[in-house]
Amino acid sequence: MNKYTVIFFLALISLASCSKDFLERNNPNGTAVGNFFKSENSVLLAVNGAYSSLRGSNNIGENSGLYTDERSDDTGTNDSQSNAGEPFQFGNFSILPSNTYLKSHWVSLYQTITQCNSITSNIDKVTFANNDTKLQYLAEAKFIRALIYFHLVRKWGDVPLVTKTLTSTGDITANTYRQPQDVVYAQIVADLKDALNSKLPNLQSGAGVGRASKAAINGLLGQVYLTMATTFDKDKTENLANANTYLTAAYNMRSFVNLKDIPYADVFDVSKKTSNAEVIFQIVYKQGDITYGSSIAANNQALGETINSQKKGLGVGGNVTPDLIKDYEVNDPRKTFSVKYAANEQVQDWFVTKYRDASDAAGVNGYGGNDTPLMRYADIILMLAEVNMLQGNDAVAIQYLDMVRERAGMPLYEVARTDADYSAKYPTLKLAILHERRVELAFEHHRWFDLLRFFTTPELVTFFKAKSQADFGNAKLVNFNTKDRYFPIPFDEYKLDPTKMYQNPGY
């Protein structure tokens, strides 16, 4: 985090307009911050660099399931190597502060923040022909910064909070300390509210897909307030009201009438990703490109299968827990689309099929065109169900829940609850909403955060302990305890100042 970190590590993007070519990168070879920001285009390049950083294998893109889904009860590792190695510590609830994957994730997230800080700290050096353009770039940088801090605060709790470019060792030392969660959340809210003051479009389309919009900002702000309401006892009523307000604002910006009019499979169809009306914000990948292509379809493919990609699967693919498989209701088409049983005698297990690109354009190397959906309208709708349920508005909550169930062709809630199996599994509206989020949003990196919102720490421990080990794969449920609500602070960060970078309990 020094003056050379601006157009750093993950590179700037060579682009003079807001098109999908922002995937193409340009390495300025360590250009210093003060020397780089000279024109509107230089600011645009820096903003594009911030978007590009999200794609990093250790950031929040398609490969981030290690830090989310494998931490939850949805995916895991069920092969012969599942009892060894650093990656397996995540799903096994045995993660150590020295885990290098965890450190890489922490570093990558802060690299993105550093990129955003370089923009907010230096944008005033540039003269803009139209001030609205300046406000747009600021809004995009603050949206991305807020998004990343939201990941950090939910994964680690108290974290260092830096919102400016650090230009000296003294600056770095002075900012190397964990700040309380409520302070971090206040900054997230401030950034998102500032971003709403721009003239970003309500929704992005065509060449703008993959960039921030007002619907994305409202949706994220609503989720932040909802998370605050379930994290802090203070101001819970106000936080729920704000969550409802901003989630409703995002919902009202939709370009469709009814969710049921958008087929579920279309949401993940690589040929429709620029025209898909449901996805609000996504990380863009470039089909057929060795550098910027998506690998998720090929990586998820199991040995002997061809559904995901033309690239041959060599292992078990994206392993799914029996616990999730059993949570799908009978005849739920989302199960048929999202998972498949691999019959190969070396696999004989379920794998992820939600992300597919077996096109000739992706080819036998599996350079797919799948984007990573970070926010879509089914998510917004189910959060509206959640917040209304928490506010005591069950009738309204059920209306939102039924929008998602109707699109899936499943019985509406009042009918479903008359089924003995459904009512036994989901005896409350709260558990019904949590179930619906699980099957609707599986493998979209929401499940772990949903569990953190729906349960207190003691409740979360009870929830995991009640599960069947046989339905959970090789991960040892016995390891799960109160410490697992948060990751440990990476050891290299902790040792910088053991007092100010104090370790999380239990590690």
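Residues numbered from 1 in each chain as written. Predicted model: local features only at pLDDT ≥ 70, side-chain atom pairs only at ≥ 80, totals over all residues. Heavy atoms only, no water.

What follows concerns the pattern of salt bridges. Close approach of charged atoms allows side chains of opposite charge to pair. Scanning the model with the defined rule gives 39 salt bridges in all. The salt bridge involving Asp323 is made with Arg438; its shortest N-O contact spans 2.8 Å. Of the two residues, Asp323 is situated in helix 11 (residues 322-325) and Arg438 in helix 17 (residues 429-440); the sequence distance between them amounts to 115 residues. Neither residue differs from the other here; Asp323 and Arg438 are each classed as buried. (Salt bridge = Lys/Arg side-chain N within 4 Å of Asp/Glu carboxyl O. Helix = DSSP H or I, 4+ residues; strand = E, 2+ residues; numbered from the N terminus. Buried < 20%, exposed > 50% of the residue type's maximum accessible area, 1.4 Å probe, protein only.)

Attention now goes to the side chain of Asp289. Mapped onto the elements of the fold, Asp289 is located in the loop between strand 3 (279-283) and helix 10 (296-300). Buried within the structure, Asp289 lacks any salt-bridge partner; Lys286 is the closest side chain of opposite charge, at an N-O distance of 4.3 Å. (Lys, Arg positive; Asp, Glu negative; His and termini not counted.)

Moving on, we come to helix 5 (residues 131-156). The end-to-end C-alpha distance of helix 5 is 37 Å, a good match for the 38 Å that 26 residues give at a rise of 1.5 Å each. In terms of burial, helix 5 is a largely internal element, 21 of the 26 residues being buried. Where helix 5 begins, the capping side chain belongs to Asn130, and its oxygen is found 2.8 Å from the backbone nitrogen of Asp132. One or two positions beyond helix 5, positive phi appears at Gly157, with a value near 80°. (Expected span 1.5 Å × (residues − 1). Polar contact = N/O pair within 3.5 Å; in protein donor to acceptor, adjacent residues only side chain to side chain.)

Within soluble globular proteins, side chains that are nonpolar tend to cluster in buried spots. Counting residues in each nonpolar core, the largest one holds 135 residues, and the members touching the most others are Leu152, Ile188, Ile380 and Phe464. The leading source of residues in this core is helix 5, at 14 residues. Sequence-distant contacts of Ile380, defined by excluding residues within four places in its chain, comprise Gly219, Leu247, Ala250, Tyr251, Ile280 and Met375. Formed by five residues, the second largest nonpolar core is a distinct cluster that contains Ala302, Leu303, Ala342 and Val347. (Core = buried A, V, L, I, M, F, W, Y, C linked by side-chain atoms within 4.5 Å. Contact = heavy atoms within 4.5 Å.)

Turning our eyes to something else, we now look at helix 4 (residues 100-122). The terminal C-alpha atoms of helix 4 lie 32 Å apart, and with 23 residues this matches the ideal 33 Å at 1.5 Å per residue to within 8%. Of all 23 residues in helix 4, 17 are buried; the element is thus mostly enclosed.

So, about the environment of Ala297. Structurally, Ala297 is set in helix 10. By relative accessible area, Ala297 is classed as buried at 3%. As for Ala297 and Tyr422, which are separated by 125 residues in sequence, their C-alpha atoms are 32 Å apart. For Ala297, the contacting residues outside a window of four places in its chain are Asn308, Ser309, Tyr355, Arg356, Asp357 and Asn370.

Evaluation of the coordinates by the stated rule reveals seven cavities of 30 Å³ or more. The volume enclosed by the largest cavity comes to roughly 210 Å³. For the largest cavity, the lining is made up of 20 residues, of which Leu147, His151, Arg154, Leu374 and His446 are closest to its centre. Contributing elements (two or more residues each) for the lining of the largest cavity: helix 5, helix 8 (214-231) and strand 6 (372-376). If you tally residues by element for the lining of the largest cavity, the top one is helix 5, at six residues. Here the lining of the largest cavity is built from residues that sort into nine nonpolar, eight polar and three charged. (1 Å grid on protein atoms, 1.4 Å probe; cavity = no way out; pocket = protein on both sides within 12 Å on 5 of 7 lines; lining within 4 Å. Points joined across faces, edges and corners; volume = space filled by probe spheres on them. Nonpolar A, V, L, I, M, F, W, Y, C, P; charged D, E, K, R; others polar.)

To continue, consider unusual backbone geometry. Positive phi, close to 60°, is recorded for Asp235, a residue that is not glycine. Assignment of secondary structure puts Asp235 in the loop between helix 8 and helix 9 (236-252). By relative accessible area, Asp235 is classed as partly exposed at 39%. Unlike most non-glycine residues, Asn331 shows phi in positive territory, near 70°. One can find Asn331 in the loop between helix 11 and helix 12 (333-338). Exposure remark for Asn331: the relative accessible area of 70% places this residue in the exposed category.

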